[in-house]
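# Summary of structural features
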Amino acid sequence: MRKARPLRILCIHGVNHLESDPGKPPSPSEAPWRDGINKATSTWSLPFEVEFAAYNKLFDTARLTPAVLVTSVAKLTASAVWHGLGDVFGARGFGPQGGLGDTLEWTAGMICEWAGNAALRDRLRRCILVAIERARPDLVLAHSLGSLIAYDTLARPVNASAPGVEGLTLATFGSQIGHPAVRNVFGGRLRSIPPLRHWFHLYNPKDHVFTAPLDIRFASGQRPNFSQHLTPFDQEGNILNHDAGRYLAHEEATAALWRDVAAQQVPELASLRGFPPLPSARPRPVAAKASARARRDEAAPAIVHAKPAKRALLVGLSHYPNPAHDLPGCANDVFLMSQVLQKAGFAAQDIRVVLDARATKERILDRLHWLLDGAHDGHDRVFYFAGHGAQLPGYGAHEVVDRLDECLVPYDFDWSRTRAFVDDEFHELYAQLPENTRFLTILDCCHSGGMARDGGVRARGLSMPDDLRHRVLEWSDNQFRERSIGPSRVAPDKGTPDTLDVRHGSLRKLGCSVRLRNVLGDAPSDPSAQRRSYILARKAFGHSGPFMPFILEACAEGELALEHRHGSQSNGAFTWFLAEALTAARRPLSWARLVQDVQQRMAANGYRQRPQLVCPTRLKDNKIPWPQASKS
C-alpha cells in the first residue's frame, strides 16, 4: 500500500471559537476538532494538515447586547416549533434562566446578524474563498454557523469556478442550514452543490443549537453528490450536544466521511472489510422526531429504488373519538377519489388509504413521506384529505398571538400543535421537491373552524375551544371582540415564476404560509424590499425558489365545506362534484377550468361554497397531466 500524502483540511468553526494567531500555538478551542480528526483517521494512520478559517473579526459583536441575544433566541425558537426545539425545552427554556448558557444565545445572535446583514455575508464569502485558494484543501469541515457560511459561499453558481472549489469534499455538522428561519437567505430552496465531489451532512437529532436535517432532492439526470448521516450522541454535562469533536469522531462519520476521504488518498483502503458501502444520495429528510418506520429506513443501507411515476395518499376521517364530530361522508369520499384516480391511470398498488382511527398525526406524516419520497421531474403525486379543518392561534417571537394557523384535524387531535397538521409543517414536507414534480393536494375541509358552530349544518370544521379562543379576543366597549392580530395577506411578487393565483384568500392558506415570510419571522417594514431580496436570493443560487404545489380547496376563507347527500349515501359536496366534473369531461381540462366547472356545478345545486385553486399563476391554465376518468 502506497504512503498517503497529508490530507489538507480547512475548518470553518462555529461561535465562541478562539482563533489562533499565525505562528502561535493552536487555540484551546481547536483541540476538540484535532482530537476528533485524530481519532477518526487513526484507523488508517492517515496524516493530515489542519487550517482554520478566521472570520470572527468580520462580525460586529459589540452590537450583540443581552437584549439582542435573548430576542434572537426567541426568534429562532419560535420559528423552530416544528423541528423539535419547542418540544424539548418549551419556549421559556432558553437563555440564562433556562440553563442553556451563553453558547446558545451567542449562536442565535450571530446567526441573526449573519442572516440580516447582506454586506456581512458578502465579506464572509470572500474570506472563505481566499482561505480555500490559499489552503487548497481536500476537505472542508464546517460546524454550526460555519456551515451557514460555507453553504452560502459554495452553493452560489458564481463561485463554482473559484480556485480550489472544484472537486472539494464538504462535511457540515451541528448545522442550521435547514432551519426555516434562515432558509430565505438561500431563496427558500436547498440544493446540492455541483462542483463538490461529495457533500456529507452529519445530523444529531439531540443537538439543540437550532440544528435541522437537510432535505436535498435530485431531479432526473442530476449527479447525486449529497448524503445525510445520523450521528446521534448525548454529551455528558452539556445538554446542547453540539461539540464538533464528537461529530467528527462519531462511528457513522468514520464509516462514511472518513473512510471515503481516506479512500481518495489511498484507493486501496476503499475495499477494507467491516465497513458499509460508500454513501449514495439519501433524498428523504431525517425527521427530528422520526416514526419507527422512518428510523428503520434511515438505519438501512442507502439503496435507491425507482419510484412509480404516479402515487396517491387518500386520508378520510368519518369517525373521531368524539361522536359529535363524526362526518359520515369522508370514507365514501376516499373510495370515490380512488375510483377517479384509478380511471385516470393511477395503479391500485400505488394508492394508499388511511381511515378513521388509523389516521393519527404520526401515521399521516409517515404516509406523506412515502408519497413524496423519490419524486422526480414529471412525477405525479396526489394527497387527498377529507375530514375536519380548524384554526389555532399562532405565536410570534415574543409569545404574542399574531396570526391564526390553519390545520388539518387528525384522529388524535387535541388542540395542541403536536397533534395538529399545520400549514407551516405541510410546507416543510414538499418545499424542496424537484421543481418540475407535479404535486396535487385536495382538501375537503373547512378553513375557518370558528364558522362551524351551526348545530344544524354538517360542516367540516371544528370550533375553537373557549380557552384558546380567549387568546384572540380583547375586552372593548363592554364586550369581548376579536382583536387585530396583524395582516395575513402578503401580496405575491407580480410577474415572477412563483406568483400565486389566490382569488379569495390569503397566503396563510394551508401549504402556502411561509413562502414569502421575512427572514427570522420579522414583520416586513417594507414588503417590496422583502420581495426584492427574496428574488435576488433565488437568482444568486440559481433556482426558482421553494416548490409550489397545486392545491384544490373545498371552499374560500370564511366559508363552510359541507356534506352532500344523495339517496342514503353521504359525500363531501366538493369531492362529489369534483369527481363528477372529471368524469363528465370530454376533453382535457386545465386546472383553472376544472375549478370553474366545479364551482358552477355546486352553485347549480344550491351550495354556497366556492372551491379554490392555489397554484403558480403561470401553471393554472396548464392541462391536467393525466387523462380524465371518462377517457379510460
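Attention in this report is confined to the structure presented alongside it. (Residues numbered from 1 in each chain as written. Predicted model: local features only at pLDDT ≥ 70, side-chain atom pairs only at ≥ 80, totals over all residues. Heavy atoms only, no water.)

### Some thoughts on the sheet that holds strand E9 (residues 380-386)
So the rule is basically this: We call two strands paired when DSSP finds no fewer than two bridges between them. Elements are defined by DSSP. Helices are runs of H or I of four residues or more, strands are runs of E of two residues or more, and each kind is numbered from the N terminus. All axes here are fitted lines through C-alpha atoms, helices being fitted over the stretch that makes contact, and every angle between N-to-C directions spans 0 to 180 degrees. Any two residues whose heavy atoms approach within 4.5 Å are treated as being in contact.
Overall, mixed pairing links the six strands, which are arranged E8-E7-E9-E13-E16-E19 in an open sheet. The sheet is open, and its two borders are formed by strand E8 (351-355) and strand E19 (612-614), each paired with just one other strand. Across this sheet, the average inter-strand angle for adjacent strands is 10°, counted without regard to direction. Note: strand E13 (residues 438-444) against strand E16 (residues 550-553), four bridges, orientation parallel. If you follow Thr-441 over to E16, its bridge partner there is Ile-551. Most of the contacts of helix H10 (residues 330-343) go to strand E7 (residues 310-316), to which it runs at about 165°, and overall it touches E7, E8, E9 and E13.

### Some thoughts on the pattern of salt bridges
Where charged atoms from two side chains of opposite charge approach closely, those side chains can pair. What counts here: For this analysis, a salt bridge means a side-chain nitrogen from Lys or Arg found within 4 Å of a carboxyl oxygen belonging to Asp or Glu. Working definition: with a 1.4 Å probe on protein chains only, accessible area under 20% of the residue-type maximum means buried, over 50% means exposed, and in between means partly exposed.
Applying the stated criterion across every chain yields a total of 19 salt bridges. In this structure, Glu-428 engages Arg-183 in a salt bridge whose closest nitrogen and oxygen atoms are separated by 2.9 Å. On the criterion of sequence distance, the pair formed by Glu-428 in helix H12 (residues 423-430) and Arg-183 in the loop between strand E4 (169-173) and strand E5 (198-203) is long-range, its members being 245 residues apart. Arg-183 gets classed as buried once you look at its relative accessible area, which sits at 8%. What you see here is one network of salt bridges that share partners, running through Asp-122, Arg-125, Arg-126, Asp-152 and Arg-156.

### Considerations on the sheet that holds E5
The strand order across the open sheet formed by six strands is E2-E1-E3-E4-E5-E6, and the pairing between neighbours is parallel. Only two strands of the sheet have a single partner each, and these edge strands are strand E2 (48-52) and strand E6 (226-230). This sheet shows a mean twist of 20° between the axes of neighbouring strands, independent of strand direction. Pairing between E4 and E5: five bridges, direction parallel. Each bridged residue has a counterpart across the sheet, and for Thr-172 the counterpart in E5 is His-201.

### Quick notes on the environment of Glu-252
With respect to the secondary-structure elements, Glu-252 resides in helix H8 (residues 251-265). Separated by 21 residues in the primary sequence, Glu-252 and Thr-231 have C-alpha atoms spaced 6.1 Å apart. In contact with Glu-252, not counting residues within four places along its chain, are His-229, Leu-230, Thr-231 and Leu-257.

### A short note on the packing of aromatic side chains
Inclusion rule: Aromatic rings from Phe, Tyr and Trp, taking only the six-membered ring of Trp, are treated as a pair when their centres fall within 6.5 Å; an angle between ring planes under 30 degrees marks them as stacked, one over 60 as edge-to-face, and anything in between as tilted. Here, a charge over a ring is recorded when the distance from Lys NZ or Arg CZ to the ring centre is within 6 Å and its angle to the ring normal is within 35 degrees.
A complete count under the given rule lists 20 aromatic pairs for this structure. Their ring planes at 35° and their centres at 5.5 Å tell us that Tyr-151 and Trp-199 sit as a pair that is tilted. One end of the pair, Tyr-151, is in helix H6 (residues 145-154); the other, Trp-199, is in strand E5, with 48 residues separating them in the sequence. In this pair, the class of Tyr-151 matches that of Trp-199, namely buried. Centroid distance Tyr-430 to Phe-547: 6.3 Å. Interplanar angle 75°. Geometry classified as edge-to-face. In this pair, Tyr-430 is assigned in helix H12 and Phe-547 in the loop between helix H14 (527-541) and E16, connecting sequence segments 117 residues apart. Accessibility assignment for this pair places Tyr-430 and Phe-547 in one class, buried. The side chain of Arg-121 reaches across the aromatic face of Trp-114, ending 5.8 Å from its centre.

### Some words on the pairing of E5
Most of E5 is tucked away: six of the six residues are buried. With burial as the criterion, each face of E5 is covered, one bearing His-198, Phe-200 and Leu-202 and the other bearing Trp-199, His-201 and Tyr-203. Bridge analysis of E5 against E6 gives five bridges, and the strand direction is parallel. Bridge pairing links Tyr-203 to Leu-230 in E6.

### Examining H6
By the criterion of burial, H6 is predominantly enclosed, with 10 of the 10 residues buried. Along H6, the residues classified as buried are Leu-145, Gly-146, Ser-147, Leu-148, Ile-149, Ala-150, Tyr-151, Asp-152, Thr-153 and Leu-154.

### A closer look at the packing of helix H15 (residues 573-584) against helix H16 (residues 591-604)
Definition in use: Orientation is classified from the angle alone, with under 35 degrees giving roughly parallel, over 145 giving roughly antiparallel, 65 to 115 giving roughly perpendicular, and any other angle giving oblique. It is the rotation of the near helix from the far one that decides the hand of a crossing: anticlockwise by less than a right angle makes it left-handed, clockwise makes it right-handed.
As a packed pair, H15 and H16 sit with axes 9 Å apart at the nearest point and diverge in direction by 120°. Between H15 and H16, the angle is such that the two are oblique. Remark: the crossing between H15 and H16 carries right-handed chirality. Residue-level inspection shows Ala-573, Phe-574, Phe-577, Leu-578, Glu-580, Ala-581, Leu-582 and Ala-584 of H15 in contact with H16, the latter providing Leu-594, Asp-597, Val-598, Arg-601 and Met-602.

### Quick notes on the pairing of strand E17 (residues 563-566)
Looking at chain direction, E17 and strand E18 (residues 569-572) are connected through four bridges and run antiparallel. The residue bridging Glu-563 from the neighbouring strand is Gly-572, located in E18. As consecutive antiparallel partners, E17 and E18 are separated by two residues, and within that stretch Gly-567 has a phi angle of approximately 65°, a positive value.

### Focus on the side chain of His-388
This is how the line gets drawn: Any pair of nitrogen or oxygen atoms within 3.5 Å is treated as a polar contact; in protein, a donor-acceptor pairing is required on top of that, and neighbouring residues in sequence qualify only through side-chain atoms on both sides.
Position of His-388 relative to the elements: it lies in the loop between E9 and strand E10 (389-395). Of note is the side chain of His-388, whose polar atom sits 2.7 Å from the backbone oxygen of His-325.

### A closer look at the nonpolar core
To keep it simple, the criterion reads: Put simply, buried Ala, Val, Leu, Ile, Met, Phe, Trp, Tyr and Cys residues joined by side-chain atoms within 4.5 Å make one nonpolar core.
Residues Trp-114, Leu-145, Tyr-151, Leu-170, Phe-186 and Trp-199 are the most contacted members of the largest nonpolar core, which totals 52 residues. Mapped onto this core, the elements with two or more residues apiece are strand E1 (7-12), helix H2 (66-78), helix H4 (101-116), helix H5 (118-135), strand E3 (139-143) and H6. Here Trp-114 is in contact with Phe-59, Leu-120, Arg-121, Leu-124, Leu-145, Leu-148, Ile-149, Asp-152, Val-182, Val-185 and Phe-186, once residues within four sequence places are set aside. In this structure, Leu-336, Val-340, Phe-346 and Val-595 belong to the second largest nonpolar core, which totals 44 residues.

### Regarding the environment of Ala-581
Position of Ala-581 relative to the elements: it lies in helix H15. Separated by 19 residues in sequence, Ala-581 and Gln-600 place their C-alpha atoms 9.9 Å apart. Ignoring anything within four residues of it in the chain, the contact list for Ala-581 reads Leu-589, Leu-594, Asp-597, Val-598 and Arg-601.

### What to know about the packing of H5 against H6
Packed helices, taken two at a time, are described by the angle between their axes plus the distance between the axes. This is how the line gets drawn: Residue classes follow a fixed rule: Ala, Val, Leu, Ile, Met, Phe, Trp, Tyr, Cys and Pro count as nonpolar, while Asp, Glu, Lys and Arg count as charged, and any other residue, Gly among them, counts as polar.
The interhelical angle for the contact between H5 and H6, taken along N-to-C directions, is 80°, at an axis separation of 9 Å. Taken as axis vectors, H5 and H6 run roughly perpendicular relative to one another. Residues Arg-121, Leu-124, Arg-125, Ile-128, Leu-129 and Ile-132 of H5 form the contact with H6, whose own contacting residues are Ile-149, Asp-152, Thr-153 and Leu-154. Within the contact of H5 with H6, the residues separate by chemical class into six nonpolar, one polar and three charged.

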